[in-house]
Amino acid sequence: RSSFLHWLFYIIAQFIGGFIGAGVLYGLGNHGNLETAIYGGNRFDPDEITFIQAFFIELFGTMFLVLVVFSTIDVRRGHEPSYLQPLAIGFAILVLHIC
């Protein structure tokens, strides 16, 4: 069981990590071809990427993320719970967003 103070620090750390990650991605990003949609999401021009390309990008990105999560949390592979698991998953998400 965790205390309220532990959860409060956890939530604050998640927000800080999210803002730092967003800042890194914003600093590394190419913003010339990016458009902002009505709800604040980013999208690419349909002339640059087709529906099929977008589908396979999402498919392979999701497959990569699922494989990273399953490989880092599998106790049978000798990966006991530690602080490095969220770091590996976070780096996988970072790589997916940069590509």
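Criteria and cut-off values
Positions within a chain are numbered from 1, following the residues in the order the chain's sequence is written. pLDDT decides what is reported in this predicted model: residues at 70 or higher carry local features, side-chain atom pairs at 80 or more are listed and counted, and totals for whole chains, interfaces and linings draw on all residues regardless. Note: side-chain values were computed over all heavy atoms of the structure, leaving out hydrogens and water. Counting from the N terminus, the helices are the DSSP runs of H or I reaching at least four residues and the strands are the DSSP runs of E reaching at least two. The buried label goes to any residue with under 20% of its type's maximum accessible area, the exposed label to any with over 50%, and the partly exposed label to all in between, with areas taken from a 1.4 Å probe on protein chains only. Contacts were defined at the residue level, with two residues in contact if any of their heavy atoms lie within 4.5 Å. A helix's residues, less one, multiplied by 1.5 Å, set its expected span. In this analysis a 1.4 Å probe is tested at points of a 1 Å grid over the protein atoms alone, and where it fits but cannot get out there is a cavity; an open set with protein on both sides within 12 Å along at least five of seven lines is a pocket; lining residues have an atom within 4 Å of a point. Grid points are joined across faces, edges and corners, and a volume is the space filled by probe spheres set on the points. Asp, Glu, Lys and Arg are counted as charged, while Ala, Val, Leu, Ile, Met, Phe, Trp, Tyr, Cys and Pro are counted as nonpolar; the rest, among them Gly, fall into the polar class.

Participant: Is there a simple way to explain the environment of Ala92 in this structure?
Facilitator: Structurally, the position occupied by Ala92 is in helix α3 (residues 84–98). Look at Ala92 and you get buried, because its relative accessible area is 3%. Sequence separation between Ala92 and Val69 is 23 residues, and the spatial gap between their C-alpha atoms is 9.0 Å. Ignoring anything within four residues of it in the chain, the contact list for Ala92 reads Phe64, Leu65 and Val68.

Participant: Looking at this model, I keep getting lost on helix α2 (residues 51–73). Mind explaining?
Facilitator: Each α-helix turn comprises 3.6 residues. Residues three or four places apart therefore point the same way. Given a rise of 1.5 Å per residue, 23 residues ought to cover 33 Å, and the 33 Å separating the end C-alpha atoms of α2 matches this to within 8%. Those residues of α2 that sit buried are Gly61, Val68 and Thr72. Tucked inside the fold, the buried residues of α2 contact α3.

Participant: Explain the layout of surface pockets here, please?
Facilitator: If a probe as big as a water molecule is rolled over the atoms, it shows which places are left empty. Here the second largest pocket defines a volume of roughly 350 Å³. Lining the second largest pocket are 13 residues, and of these Gln14, Gly17, Gly18, Gly21 and Gly90 sit closest to its centre. Sorting the residues of the lining of the second largest pocket by element identifies α1 (4–28) and α3 as the ones contributing at least two each. Examining the composition of the lining of the second largest pocket, we find that nine residues originate from one element, α1, more than from any other. Considering only residue class, the lining of the second largest pocket consists of seven nonpolar, six polar and no charged.

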